[in-house]
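# Commentary on secondary and tertiary structure
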Amino acid sequence: MDVDDEASRILREVFGYPQFRGEQRQIISHLIAGGDALVLMPTGGGKSLCYQIPALARAGMGVVVSPLIALMQDQVAALQEAGVRAAALNSAMSWPEVLETERQARAGELELLYVAPERLLTERCLSLLDRCALALFAIDEAHCVSQWGHDFRPEYLQLAVLAQRYGGVPRVALTATADIATRREMIERLRLRDPRVFIASFDRPNIRYRIAEKDNPRRQLLRFIREEHAGESGIVYCLARASVEDTADFLVRQGVDALPYHAGLDSGTREDNQRRFIRDDGIVMVATIAFGMGIDKPDVRFVAHLDLPKSIEGYYQETGRAGRDGLPADAWMVYGLQDVVQQRRMIEQSEASADYKRVAGAKLDALLGLCETAQCRRVRLLDYFGEAATPCGNCDNCLDRPEEWDGTVAAQKLLSCIARCESATGFGFGAQHIIDILRGNRTAKVEQFRHEGLSTFGIGADLEVAQWRAVLRQLVMLRLVEVDTERYSVLRLTAACREVLRGQRTIRLRRAIDRGATRPAGRGAIDRTRVTGVQVARVLSAGSAPLDDDDTHLPLFQALRAWRLQVAREHGVPAYTVFHDSTLEEIARRRPGSTEELRTVSGVGAVKLERYGSAVLDVVQAAQH
Ligand code: ADP
Ligand code: ZN
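Definitions and cut-offs
Residues numbered from 1 in each chain as written. Chains lettered and ligands numbered in written order. Predicted model: local features only at pLDDT ≥ 70, side-chain atom pairs only at ≥ 80, totals over all residues. Heavy atoms only, no water. Helix = DSSP H or I, 4+ residues; strand = E, 2+ residues; numbered from the N terminus. Buried < 20%, exposed > 50% of the residue type's maximum accessible area, 1.4 Å probe, protein only. Contact = heavy atoms within 4.5 Å. Areas by Shrake-Rupley, 256 points an atom, 1.4 Å probe, with all protein chains shown as cover. Donors = N, O, S within 2.8 Å, 3.2 Å for Na, K, Ca; no water. Expected span 1.5 Å × (residues − 1). Bend = angle between axes of the 7 residues up to and from the residue. Pairing = 2+ DSSP bridges. Axes fitted to C-alpha atoms, helices over the stretch in contact; angles between N-to-C directions. Near = heavy atom within 4 Å. Polar contact = N/O pair within 3.5 Å; in protein donor to acceptor, adjacent residues only side chain to side chain. Nonpolar A, V, L, I, M, F, W, Y, C, P; charged D, E, K, R; others polar. Domains from an automatic or database assignment. Phe/Tyr/Trp six-rings, centres within 6.5 Å; stacked < 30°, edge-to-face > 60°. Salt bridge = Lys/Arg side-chain N within 4 Å of Asp/Glu carboxyl O. Parallel < 35°, antiparallel > 145°, perpendicular 65-115°, else oblique. Left-handed = near helix turned anticlockwise from the far one by under 90°.

What follows deals with the overall build of the protein chain. Counting secondary structure elements, the protein chain contains 29 helices and 17 strands. For the protein chain, buried positions account for 53% of its 625 residues. When contacts within the protein chain are restricted to residue pairs at least 6 apart in sequence, long-range pairs at least 24 apart make up 72% of them. As displayed, the protein chain has an accessible area near 26,900 Å², and 49% of this comes from carbon and sulfur atoms.

As structure tokens, then:
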């Protein structure tokens, strides 16, 4: 049978999808034909099908190497829901379960086997595989081979053994990490044979990027959640364990269904919280970056950062966890001067080599550039990954263009105020005091040091405190000013500021706009509180007319969700493995009256049709009356 036909048939019948996305078809054909491949696709791009379909199409069992056990179990559950014979081998299983899975593998009863790398590398597991017919190896999260990355896992280096031991079996490495150095490392370290490299666009058009100045971060966050994502799933990232705990407590007190997750919690609590986040609808997980890799929950509606990530790679990976289902989602971040200072200090004080510090510093600067830019965030992000783009219309800067202004004079005032203060007194001062002098405030401290006599006293009364803070933050970001965290956060000038003081360099600044938690209201803004996801998705993709049928499908959609939750509870699986939100929304919109019609809904495969078809039609029927 024609390879492409077979792949399309599996896509339709098993997974219920009408067509391939992006390069899925080419990747799948290449693997079915026995070639090795490296697949780079953003989170939510659809990597899983790239190896699941070849595993089903080729003779033998597909082996998927995946680093996270929780994820593995959900993927297996989702495949089983679709009628695929899939199983996992991992340390969370009981001995009899392990023996049974091994037996099934030997007997050729499995189509897909998920294994953690450390288990795969045991002699027991390798000799099991020796006795199985193998369709392919898929190495998920393949960037874990990179020693430079933050997800490095030493076992991944040993996966090269698969190249020798199973020479004839095709291997595919997959990742959502885009940078070029890591690309080369994956190919070399995993010993891929003459691999075809597939690089998808890293754009995630359904994610709306928003970055605002930190003011009262928890209040900003609460407002954002209440006004735009009430009752929806989301992730809030914080840097430190303590702020994870505090923020989660705060949200719970405010009536948000939030849970904490960080490495300091015992593993039982961590697993429970993770399970609840994945299985229930509408939980907000407050977490350190320890949380999230391999969370493939499709309906995370927002990712919020209360602290700066370390790099654009980190930011993109973390925000990428929002909106995998393709429906609108928000990537929301607030940041301030303290974040910049704190991150720089962490780099400075780390034990790492000078080389590493230089790279880390440059990566942080690239991220700060993204924060401060007045241009389209998406253009900036994609440019970082080597991809050209045009302004997107779906980020804060596109929707509500920030004003840029010539801040050269303001910068000169601030810089010289710092210099005058220090030379008059013999030591430096912090931001608050410098701004008081600029604005001409006769505080006790000003009088104590007689700073009202400085020539810079009162020369900056034209700007508000918040504006001066924004100027200062941008000067710190540009490395014109340093904040000495060892000494009371004293401000210091750097050598680079000489050019500015001499008027040889102009400074363009971004006007502070107070949009802490308010959604951008410009062109194309969509009030999502009244519109369901599929409708928004339709508008975003087609750019079509305003919506008139907002609420008519909502009761049926909710009835379907209630039905789904009950089924998921009975089967002990996450709700989304039964049907995705996007599938339920399409059903609510189209109201199929027969099995034949239901079959044409995206996400309804043959097994699910057989299992759930009549129940779903009943729910649709009941809603007609
Ligand atoms: P990744 O592993 O790349 O983050 P997944 O494989 O989890 O992404 O896919 C993301 C989502 O897209 C899943 O919900 C998946 O079912 C869906 N999906 C993947 N391919 C298709 C397709 N061809 N048509 C419709 N939905 C798809
Ligand atoms: Zn944009």
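This part covers the coordination of the zinc ion (ligand 2). Ideal coordination angles are 109.5 degrees for a metal with four donors arranged tetrahedrally and 90 or 180 degrees for a metal with six donors arranged octahedrally. The zinc ion (ligand 2) binds to the protein through Cys376 (SG), Cys392 (SG), Cys395 (SG) and Cys398 (SG), with metal-donor distances spanning 2.3 to 2.4 Å. Here the donor residues for the zinc ion (ligand 2) map to a single chain with the spacing C-x15-C-x2-C-x2-C. In this pair, Cys376 is assigned in the loop between α16 (354-372) and α17 (377-384) and Cys392 in the loop between α17 and α18 (396-399), connecting sequence segments 16 residues apart.

Here we take up helix α29 (residues 606-624). Under the 1.5 Å per step criterion, the end-to-end length of α29 is 25 Å for 19 residues, consistent within 8% with the ideal 27 Å. The sharpest bend along α29 reaches about 60 degrees and sits at Tyr612. Here α29 has its buried residues at Lys608, Leu609, Tyr612, Gly613, Val616, Leu617, Val619 and Val620. Looking at the packing, one finds that the buried side of α29 touches α4 (69-81), α25 (554-571), α26 (575-578), α27 (581-590) and α28 (595-599).

Mapped onto the fold, Glu81 is located in helix α4. Those residues in contact with Glu81 that lie beyond four places of it in its chain are His571, Val573, Thr577, Val578, Val607, Lys608, Arg611 and Tyr612.

This paragraph deals with the sheet that holds strand β12 (residues 302-305). Across a sheet, paired strands are connected by hydrogen bonds in the backbone, their directions being either parallel or antiparallel. Judged by pairing direction, the sheet is parallel, and its 6 strands sit side by side in the order β8-β13-β12-β9-β11-β10 without closing on themselves. Single-partner strands in this sheet number two, and they are β8 (207-213) and β10 (258-261). Neighbour-to-neighbour, the strand axes of the sheet open up by a mean angle of 15 degrees, direction not taken into account. Across 4 bridges, the pairing between β12 and strand β13 (residues 329-335) is parallel. Its bridge partner lying in β13, Ala304 is registered against Trp332.

Strands sit in the order β3-β4-β2-β5-β6-β1-β7 across an open sheet of 7 strands; the sheet is parallel. In the strand order of this sheet, the two ends are held by β3 (86-89) and β7 (196-199), each with one partner. Between one strand axis and the next, the sheet turns through 20 degrees on average, direction left out of account. Strands in contact with α4 are β3 and β4 (112-115); relative to β3, the strand with the most contacts, it is inclined by about 165 degrees. Relative to the sheet, helix α5 (residues 95-106) contacts β2 (61-65), β3 and β4, its axis offset from that of β3 by approximately 130 degrees.

Close to ligand 1 lie 15 residues, the nearest being Tyr17, Gly44, Ser48, Arg324 and His580. For ligand 1, an oxygen atom lies 3.4 Å from a polar atom in the backbone of Gly45. In the complex, 86% of the free accessible area of ligand 1, which totals 570 Å², lies under the protein chains. Ranked by residues supplied to the shell around ligand 1, first place goes to helix α3 (residues 47-57) with 3 residues. Taken together, the residues that form the shell around ligand 1 break down as 4 nonpolar, 8 polar and 3 charged.

Turning our eyes to something else, we now look at the domain arrangement of the protein chain. By the assigned domains, the protein chain splits into domain 1 (3-199), domain 2 (207-402), domain 3 (405-510) and domain 4 (544-624). The C-alpha centroid of domain 4 is placed 60 Å from the C-alpha centroid of domain 3.

Take the environment of Glu188 next. Within the secondary structure, Glu188 sits in helix α10 (residues 180-189). Under the relative-accessibility criterion, Glu188 is labelled exposed at 55%. C-alpha separation for the pair Glu188 and Leu308, spaced 120 residues apart in sequence, amounts to 32 Å.

The next subject is the packing of aromatic side chains. Think of a pair of aromatic rings as described by two things: how far the centres are apart, and how the planes are tilted against each other in angle. Inspection of the entire model under this criterion finds 16 aromatic pairs. Summarising the aromatic geometry, the rings of Tyr209 and Tyr316 are spaced 6.4 Å apart at their centres and angled 20 degrees between planes, so their arrangement reads as stacked. On the criterion of sequence distance, the pair formed by Tyr209 in strand β8 and Tyr316 in helix α14 (residues 312-319) is long-range, its members being 107 residues apart. Residue classification places Tyr209 among the buried residues on the basis of a relative accessible area of 1%. Geometrically, the ring pair formed by Tyr384 and Phe385 is edge-to-face, given 5.5 Å between the ring centres and 85 degrees between the ring planes. Accessibility expressed as a relative area gives 30% for Tyr384, which makes it partly exposed. Under the relative-accessibility criterion, Phe385 is labelled buried at 15%. Here a set of aromatic residues connected by ring pairs shows up, and it is made of Phe202, Tyr209, Tyr315, Tyr316, Tyr384 and Phe385.

Attention now moves to α27. Across the 10 residues of α27, 7 count as buried, placing the element largely inside the fold. If you check which residues of α27 are buried, you get Asp581, Thr583, Leu584, Glu585, Glu586, Ile587 and Ala588.

Next up on the list: the pattern of salt bridges. Throughout the structure, instances matching the rule amount to 40 salt bridges. Residue Glu102 pairs with Arg124 through a salt bridge whose shortest N-O separation is 2.7 Å. Of this pair, Glu102 sits in helix α5 while Arg124 is found in helix α7 (residues 123-130), placing the two residues 22 residues apart along the sequence. Between Arg275 and Asp272 there is a salt bridge, with the nearest N and O atoms lying 3.5 Å from each other. Here the residue Arg275 and the residue Asp272 both occupy positions in helix α13 (residues 267-279), the gap between them amounting to 3 residues, near one helical turn. Looking at Asp272, the relative accessible area reads 42%, which means it is partly exposed. Among the charged side chains, a network of salt bridges with common partners joins Asp281, Arg561, Arg564 and Asp581.

It is the contact of α16 with α17, at a shortest axis distance of 9 Å, that shows an interaxial angle of 160 degrees. Our classification of the angle between α16 and α17 gives roughly antiparallel. Between α16 and α17 the crossing geometry is right-handed. Residues Lys363, Ala366, Gly369, Leu370, Cys371 and Glu372 of α16 form the contact with α17, whose own contacting residues are Arg377, Arg380, Leu381 and Tyr384. Considering only residue class, the contact of α16 with α17 consists of 5 nonpolar, 1 polar and 4 charged.

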